[in-house]
Amino acid sequence: MPLPAAAFTSSLDTKIDSESVSLNIRSGPGTDKSVVGSLNDDDSISVECQLWGEHIEGTQRSSPFWNRIGGGRFIADAYVAWSPSRPVVPWCSSSGPTHSRVTAGTGLNVRSGPGTEHSVVAQASDGSPVEVTCLTWGSEAAGSYVWMRIGEGRYVSAVYVGWSSGIPWIPWCGQDAAVAAHGGTAGFISSSAEAARESQRQHKVPASVTLAQAILESGWGRSTLTRDDHNYFGMKCFGSPGPLAIGCRNYATHECSGQNCWSTHDDFRSYRSTKDSYVDHGRQLSSMSRYAEAMKHAGDPDRFAREVHAAGYATSPAYADKLIELMRQYNLYQYDVPVA
């Protein structure tokens, strides 16, 4: 059975429904991004493409989608009055709208799940458009484990999908919306403290160290890795996502050897939610043999931080000192759970 063509359209004209109040236009897909303009109720707009961002409860729907309306300007889809229903909106790449097409060279099998072990449910001809809704991790195909969902119960290997104008950022299937950092340092600590304490209850990793690592690794929750992929600790993939992450995504990063540091790229774990990131962090520190010495000092957060660093958690030569400085400056020790 051939696959139905995706109904892409070049003109996406619609209106705003903000219930007589002005709607902020943002510089990115979230309320943590700067306001660059505003729209009035019933104003007409032309949507170029969509991004995955902060979840917004609006007048029309509850949605994590944001629409680019030109010139680096974005509005929450939750306030867009599509008629009669929301059309297929192309994803945004760094250069603008981008459309996905099959680039297999021959017909491409569409499978019922993310892997060649799943049954073939359709065929997509070379060059045919497909609507990619999300990513999922599956079995290896042509050197990649990333699959794309192109409809209910329909998956194709990402290797055989090309983009007309740059590769967009696409969420993993079932992934929570992007997290917008609000409330400054106090807000981040307050929102993260219980997750860190629960990690200590389960895995005995001091909550003070967990919080300091989250602050340092995520830039107070503002890094793209944290905001979009819910990775608070810079956890890498090393070939697979592990038992809790839902995929691996490539990000720019820095590595150091002694006093020499350089820019590079690496694969980092993508999580379904913030909670999963904290759970995975505690699980790794408590279960990996390289951190066994650190776990012997779970009742001494400062010593724990130095042992984690010595075991190779981070390559920065000042990593442990920075953790301890954060723990002292913000009195993160107050969140530690008494060790039995």
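Quantities reported herein were computed from a predicted structural model and do not represent experimental measurements. (Residues numbered from 1 in each chain as written. Predicted model: local features only at pLDDT ≥ 70, side-chain atom pairs only at ≥ 80, totals over all residues. Heavy atoms only, no water.)

Visitor: Would you take a moment to explain the overall build of the protein chain for this structure?
Guide: The secondary structure content of the protein chain amounts to seven helices and 19 strands. In summary, the protein chain has a C-alpha radius of gyration of 22 Å against a globular reference of 20 Å for 340 residues, a match within 12%. Expressed as a percentage of its 340 residues, the buried residues of the protein chain come to 48%. In the protein chain, once contacts between residues fewer than 6 apart in sequence are set aside, the share between residues at least 24 apart is 59%. Considering the protein chain, the positive charge centre built from 28 side chains and the negative charge centre built from 34 side chains are found 3 Å apart. (Helix = DSSP H or I, 4+ residues; strand = E, 2+ residues; numbered from the N terminus. Rg over C-alpha atoms; globule rule 2.2 N^0.38 Å. Buried < 20%, exposed > 50% of the residue type's maximum accessible area, 1.4 Å probe, protein only. Contact = heavy atoms within 4.5 Å. Lys, Arg positive; Asp, Glu negative; His and termini not counted. Charge placed at Lys NZ, Arg CZ, Asp CG, Glu CD.)

Visitor: For this particular structure, what's the right way to read unusual backbone geometry?
Guide: What is expected of a backbone is that most residues other than glycine have negative phi and most peptide bonds are trans. The peptide bond linking Ser83 to Pro84 adopts the cis configuration, its omega dihedral lying at 0°. Notably, Asp42 is not glycine yet its phi reads approximately 75°, a positive angle. Notably, Ala142 is not glycine yet its phi reads approximately 55°, a positive angle. For Ala142, the position within the fold is in the loop between β14 (134-141) and β15 (144-151).

Visitor: Got a minute to help me understand the sheet that holds strand β8 (residues 80-81) in this structure?
Guide: Two strands in a sheet stick together by hydrogen bonds in their backbones, pointing the same way (parallel) or opposite ways (antiparallel). Overall, antiparallel pairing links the three strands, which are arranged β4-β1-β8 in an open sheet. Looking at which strands have only one partner, the edges of the open sheet turn out to be β4 (44-46) and β8. (Pairing = 2+ DSSP bridges.)

Visitor: Explain the packing of aromatic side chains to me, please; I cannot follow it from the model alone.
Guide: For any two aromatic rings, the description comes down to two numbers: the centre-to-centre distance and the angle of the planes. Taken as a whole and assessed by the stated rule, the structure comprises 12 aromatic pairs. With a centroid separation of 6.3 Å and 55° between ring planes, the pair formed by Trp137 and Trp172 is classed as tilted. Of the two residues, Trp137 is situated in strand β14 and Trp172 in the loop between β17 (161-163) and α1 (184-203); the sequence distance between them amounts to 35 residues. By relative accessible area, which is 24% here, Trp137 ends up partly exposed. Aromatic rings pair up to connect Phe188, Trp220, Tyr232, Phe233, Tyr278 and Tyr330 into one cluster. (Phe/Tyr/Trp six-rings, centres within 6.5 Å; stacked < 30°, edge-to-face > 60°.)

Visitor: Even after reading the chapter, I still don't get helix α6 (residues 301-310), so can you show me in this structure?
Guide: An α-helix turns once per 3.6 residues; consequently, residues spaced three or four apart project the same way. Burial runs high along α6: seven of the 10 residues are buried. As for α6, its buried residues are in contact with α2 (207-218), α4 (274-287), α5 (292-295) and α7 (319-329). Residue Gly312 follows α6 closely and has a positive phi angle near 100°.

Visitor: Teacher, can you tell me more about the pattern of salt bridges here?
Guide: It is possible for side chains of opposite charge to pair when their charged atoms get near one another. What the rule picks out here adds up to 16 salt bridges. Among the salt bridges present, the one from Arg61 reaches Asp77, with a minimum N-O distance of 3.4 Å. Taken as a pair, Arg61 in the loop between β5 (49-57) and β6 (62-68) and Asp77 in the loop between β7 (74-76) and β8 lie far apart in primary sequence, 16 residues in all. By relative accessible area, Asp77 is classed as buried at 0%. Note that Arg269 and Asp280 form a salt bridge whose closest N and O atoms lie 2.8 Å from each other. On the criterion of sequence distance, the pair formed by Arg269 in strand β19 (residues 260-270) and Asp280 in helix α4 is long-range, its members being 11 residues apart. Accessibility classification places Arg269 together with Asp280 in one group, the buried group. (Salt bridge = Lys/Arg side-chain N within 4 Å of Asp/Glu carboxyl O.)

Visitor: What am I meant to see in the layout of surface pockets here?
Guide: Remark: the empty space left among the atoms is shown by a probe the size of a water molecule rolled over them. Reported here for the second largest pocket is a volume of approximately 430 Å³. Lining the second largest pocket are 21 residues, with Pro29, Leu51, Trp169, Thr224 and Asp228 positioned closest to its centre. Residue assignment for the lining of the second largest pocket shows that the elements contributing at least two residues are β5, β9 (91-93) and α3 (224-229). Top contributing element to the lining of the second largest pocket by residue count: α3, with three residues. Here the lining of the second largest pocket is built from residues that sort into nine nonpolar, six polar and six charged. (1 Å grid on protein atoms, 1.4 Å probe; cavity = no way out; pocket = protein on both sides within 12 Å on 5 of 7 lines; lining within 4 Å. Points joined across faces, edges and corners; volume = space filled by probe spheres on them. Nonpolar A, V, L, I, M, F, W, Y, C, P; charged D, E, K, R; others polar.)

So, to be careful, I would describe these as geometric facts and stop short of saying anything about function.
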